[in-house]
Each structure stands twice: as structure tokens, then as C-alpha cells.
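Okay, here's what each chain looks like letter by letter:
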Amino acid sequence: MHKLSRNELAIMLVWAFQDEHVETAHAPHPDAAALYCNVMALPIAEASTLISHARRGNVQPSDPIALAHWTRGLNLLREMLAQPMCSLSLLEEPGEKPAGRTRAA
């Protein structure tokens, strides 16, 4: 899986919060749920900024302070999603084994 750019990640957050309604859906897409859980693990200022802009469909805030929280939040989220045990099925290549889900023989 390649590391997402900030814009790609912002678009995926808008997808999760607006299209998949990850906060209220009974069975959201697993990738939307993974994004939501990782966003909720961020520091409060960064998480609230990412959530508010994803809910509204804005990709980038214009306020300088919100932009700083948004940028830091996306960078932290990118690092979290790059960990071996975290994978998004939408980004896996066909035929690629999901990371962290192999069984030792």
C-alpha cells in the first residue's frame, strides 16, 4: 500500500463522513470505520478540525489556526495508517495480501 497524500486522505475523510455516514451508519464500509477510529485517536484539536471539515466536505480550511490543526492532523493520520497492522482495502492492489493478517505456520 502506498502512503496517501494529504489531499487523498482529505478526500477519503469526506467520503467516510459524508458518503458513508460513518458516525451514524449501522454497518459503514470497513475502511470508513478504520479512518473514523484513527481520527478519534488523534489529539482533540486535530480530530475536531478534521471531523468538522470532512462533515462539510471542505478539503482545506482557510483559517490559519484551523489549517495548522488540519495539516498536523492529516500528517499524524498518515503515519498511523502507514503502520503494518493498519490497512485500507480500497488501497490494496488486486492479489495483494492484507498487511498484518498472515498466520504463522
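Just so we're clear, the structure is a prediction, and the values are computed from it rather than from any experiment.

### Here's the deal with the pattern of salt bridges
In step 1: Considering all chains together, one arrives at two salt bridges under this definition.
In step 2: A salt bridge links Glu23 to Arg55, with the shortest nitrogen-to-oxygen separation between them at 2.6 Å. With Glu23 in the loop between helix 1 (6-19) and helix 2 (30-40) and Arg55 in helix 3 (residues 44-56), the pair connects residues that are 32 residues apart, well separated along the chain.
In step 3: Assessed through its relative accessible area of 34%, Glu23 is described here as partly exposed.
In step 4: What makes Arg55 partly exposed here is its relative accessible area of 48%.
In step 5: Measuring nitrogen to oxygen at the nearest pair gives 3.0 Å for the salt bridge that ties Glu46 to Arg72. Note that Glu46 is positioned in helix 3 and Arg72 in helix 4 (residues 64-81), a separation of 26 residues in sequence.
In step 6: With relative accessibility at 5%, the residue Glu46 sits in the buried group.

### Things to note about the side chain of Thr49
In step 1: Structurally, the position occupied by Thr49 is in helix 3.
In step 2: Only 2.8 Å separates the side chain of Thr49 from the backbone oxygen of Ala45, close enough to count as a polar contact.
In step 3: Contacts of Thr49, omitting those with residues within four sequence positions, involve Ala66, His69 and Trp70.

### Things to note about the nonpolar core
Most often, soluble globular proteins keep nonpolar side chains buried together rather than apart.
In step 1: Ranked by internal contacts, the top residues of the largest apolar core, which has 23 residues, are Leu13, Leu35 and Leu81.
In step 2: In terms of residues, this core owes the most to one element, helix 1, which gives seven residues.
In step 3: Not counting residues up to four positions away in its chain, the partners in contact with Leu13 are Leu35, Val39, Leu50, Ala54, Leu74 and Leu77.

### Let's talk about unusual backbone geometry
In step 1: Although it is not a glycine, His21 adopts a positive phi angle of roughly 50°.
In step 2: On the secondary structure map, His21 appears in the loop between helix 1 and helix 2.
In step 3: Exposure remark for His21: the relative accessible area of 44% places this residue in the partly exposed category.

### Section: helix 3
In step 1: Across its 13 residues, helix 3 extends 18 Å between first and last C-alpha, which sits within 8% of the 18 Å expected from 1.5 Å per residue.
In step 2: All buried positions along helix 3 are accounted for by Glu46, Ala47, Thr49, Leu50, Ile51, His53 and Ala54.
In step 3: Where helix 3 terminates, the next one or two residues include Gly57, which has phi positive at roughly 85°.

Thresholds applied
- Note that residues are indexed from 1 along each chain, following the sequence as it is written.
- Residue-level local features of this predicted model are given only where pLDDT is at least 70; pairs of side-chain atoms are given and counted only at 80 or more, and the full residue set underlies all totals for whole chains, interfaces and linings.
- Water and hydrogen atoms play no part in the side-chain values, which are based on all heavy atoms of the structure.
- A side-chain nitrogen of Lys or Arg and a carboxyl oxygen of Asp or Glu constitute a salt bridge if their distance falls within 4 Å.
- Working definition: helices are DSSP H or I runs of at least four residues, strands are E runs of at least two. Numbering for both runs from the N terminus.
- Relative accessible area decides the class of each residue, using a 1.4 Å probe on protein chains only: under 20% of the type maximum gives buried, over 50% gives exposed, and in between gives partly exposed.
- Pairs of N or O atoms are called polar contacts if they sit within 3.5 Å, as long as, within protein, a hydrogen donor faces a hydrogen acceptor (for residues adjacent in sequence, only side-chain-to-side-chain pairs).
- By the convention used here, residues are in contact when the closest approach between their heavy atoms is within 4.5 Å.
- Buried residues of nine kinds, namely Ala, Val, Leu, Ile, Met, Phe, Trp, Tyr and Cys, make up a nonpolar core once their side-chain atoms join them within 4.5 Å.
- Expected helix span is given by 1.5 Å per residue-to-residue step, counting one fewer step than there are residues.

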